[in-house]
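Structural overview for review
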Amino acid sequence: MAKRELLLGDEAVALAALHSGISGAYAYPGTPSTELFEFIERQQKKYSVHAKWSANEKVAYEEALGMSYAGKRTIVSMKHVGLNVAADPFMNSGVTGVNGGMVVFIADDPGMHSSQNEQDSRYYAHFNLIPCLEPANQQEAYDMTRLGLELSEEHKVPVMIRVTTRLAHSRADVVTAEPKAQNGIKKVPRGGSFTLLPVNARQLYKKVTEKQPTLKKLAEDSPYNELVLEGKDNKVGIISTGIAHNYVREALGGTIDVPHLRISHYPVPMEKVRQLVDAVDEVRIVEEGAPYVEEMLRGIVAPAGKLIRGKLDGFLPRTGELTPTVVANAMELNPEKRWGATIDPLPKRPPALCPGCPHIDTYKAINEATSAYAQPTVTSDIGCYTLGFYPPLNAIETCVDMGASISMASGAVHAGLFPVLCTIGDSTFAHSGMTGLLGAVRENNNMVVMILDNGTVAMTGTQETMATGDELVNLVKGLGVHPEHVRLMDPLAKNHEASVQLIREEIEYEGLSVIISRRACIQMKRR
Ligand SMILES: Cc1ncc(C[n+]2csc(CCOP(=O)(O)OP(=O)(O)O)c2C)c(N)n1
Ligand code: SF4
């Protein structure tokens, strides 16, 4: 019997995956995608599914692909920049195809609430010639995930579900369906379809291109790509995608009274787009993220005699997140009249490390230890410790992508800088710092790698970390760092002088050192 549940967008996808008979879920944490996996983790016994955090997104993707290869259904989830890390298996699984249904859940973060960039994952789905479903609300998040697993298994392609922060992190009622049983094992027979030697890959890639008309037809006929040609007049038509469709509806007072096309199932339904463009003089395109549909519509030569409006001509802001008010403004409505008084934005304050955070004492020691040098370099990485950028610490100077601190420090050493230090968290180290360290070991680069081991993945909500404590020490030694220069530091105010002394010693050592600054995150301890 159908039930109703109050769910976050992320949770609606998670529950739909469980109800569609997945046997395993794979993920690495990253806002705004984390809650999906956490939901499955909490329910894993009830539904008998495998759910354990992976070391990084590439590993998560490959584990999911292995589950699909065995004939079972699976979901892999990550934030948008995680897909950059998983891009290799993602792109190649577009060629191998899948066996058991496989949904790739990507949460984009327009406006960069907690990310380094605002890339739009629809380009990745397009690049990989796979379907992408973009729900507009929690119910659709549930329904489209079920559809995605069916499509994936039937057409043997990975299917992307793309959401953005607002949908991922807001709650609504969802009507759920009866859970489905899991698939049994049904391995892909040997014969090359998963062995991407050139001889196989060429044939497989041809098949991928031959499958495209079917995938396009599915999108053309999809109920989630709704075309309405009637309207009060034919001057203006609207194309809206995913959650932006809701913003258009809200901005127009609940009903769209002009010809419009709503797109939520990709590839872009070109025939429907053509019909809309033919029917009106001006097309306004409202999409959350990059001007993906708009760029397609403009092409090299825009449709003759038609005015195309969107993010590329300043009709809507090119960067940042859309809101109903932004859309209402662009539609030349009066948001104040429509929405009542606008709310004063909350006063801005930069994020800060928790009082008592171990990272504060680590940075104080680094700052003092390097103060004697004219041009110290401290590269860093992504985690709570990135907040050491802000005053009064002002302790770090880079944060680019996970793991970059160590490799960038190596580059700075090659360029001739001294002293060079870098800071990286324990989870980021396990995610993608280890390979950079391996390279630094091989060259014995003259730098100090500081691994800030607080025993958890603090920034995304204190998830379990892969390597901490003595395991981490052994790991670092196993990568070849000279055992005498693998040092432990206890970042407490009372140990400040000793910490400064330790860092200075390792700066003066001509070669590679690793200092593991170890003290538990206080939020994790509280939990
Ligand atoms: C490729 C990628 N995946 C995930 C994230 C989200 N994320 C930001 S920091 C972080 C890990 C932080 O853990 P750790 O390195 O242990 O530092 P801590 O926050 O505990 O200080 C994660 C998963 C990201 N920014 N990029
Ligand atoms: S959550 Fe933990 S690691 Fe992050 S700032 Fe607070 S104490 Fe520090």
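Bear in mind the structure is a predicted one, so any value in this text is a computation, not a measurement.

The helix and strand inventory of the protein chain stands at 20 helices and 19 strands. Taking 527 residues into account, the globule formula puts the C-alpha radius of gyration at 24 Å, and the protein chain, at 25 Å, falls close to it. Counting only C-alpha atoms and orienting by the principal axes, one finds that the protein chain spans roughly 75 × 60 × 50 Å. Residues counted as buried form 50% of the 527 residues belonging to the protein chain.

This paragraph deals with the sheet that holds strand β4 (residues 73-79). Here seven strands make up an open sheet; going across it, the order is β3-β2-β4-β5-β7-β6-β12 and the pairing mixed. Pairing within the sheet leaves two strands with one partner each, and these edge strands are β3 (50-51) and β12 (265-266). Where helix α3 (residues 57-69) meets the sheet, its contacts fall on β2 (22-27), β4 and β5 (102-108), and the angle it forms with β4 comes to roughly 170 degrees.

Taken together, 26 residues form the shell around ligand 1, and within it G383, G425, S427, T428 and A458 come nearest. Those elements giving two or more residues to the shell around ligand 1 turn out to be α4 (80-85) and α17 (426-443). Among the residues making up the shell around ligand 1, the classes are represented as 13 nonpolar, 10 polar and three charged. Counting contributing residues per domain, the shell around ligand 1 is built from domain 1 (3-221) and domain 3 (358-526), each supplying no fewer than three.

In this structure, A17, A25 and A27 are the most contacted members of the largest nonpolar core, which totals 88 residues. Here the element with the most residues in this core is helix α1 (residues 9-19); it accounts for seven residues. Both of domain 1 (3-221) and domain 2 (226-339) provide at least three residues apiece to this core. The contact partners of A17, leaving out residues within four places of it in the chain, are I22, A25, I75, V103, T145 and L149. In this structure, I366, A409, L502 and C521 belong to the second largest nonpolar core, which totals 49 residues.

This paragraph deals with helix α19 (residues 496-508). Here α19 contains 13 residues, and its C-alpha end-to-end distance of 19 Å stays within 8% of the 18 Å for a straight helix at 1.5 Å per residue. Inspection of α19 places S499, L502, I503, E506 and I507 among the buried residues, and these make up the whole buried set. Buried residues of α19, viewed axially, fall in a sector of 135 degrees; they line one side. The outward face of α19, more than 90 degrees from its buried face, is lined by the exposed residues E497 and E508.

Let us now look at the domain arrangement of the protein chain. According to the domain assignment, the protein chain contains domain 1 (3-221), domain 2 (226-339) and domain 3 (358-526). Computed from C-alpha atoms alone, the centre-to-centre distance between domain 2 and domain 3 is 48 Å.

So, how was this worked out
- Residues numbered from 1 in each chain as written.
- Chains lettered and ligands numbered in written order.
- Predicted model: local features only at pLDDT ≥ 70, side-chain atom pairs only at ≥ 80, totals over all residues.
- Helix = DSSP H or I, 4+ residues; strand = E, 2+ residues; numbered from the N terminus.
- Rg over C-alpha atoms; globule rule 2.2 N^0.38 Å.
- Buried ≥ 20, exposed ≤ 12 C-beta atoms within 10 Å, placed from the backbone.
- Pairing = 2+ DSSP bridges.
- Contact = placed C-beta atoms within 7 Å.
- Axes fitted to C-alpha atoms, helices over the stretch in contact; angles between N-to-C directions.
- Near = placed C-beta within 6 Å.
- Nonpolar A, V, L, I, M, F, W, Y, C, P; charged D, E, K, R; others polar.
- Domains from an automatic or database assignment.
- Core = buried A, V, L, I, M, F, W, Y, C linked by C-beta atoms within 7 Å.
- Expected span 1.5 Å × (residues − 1).
- Arc of directions from axis to C-beta.

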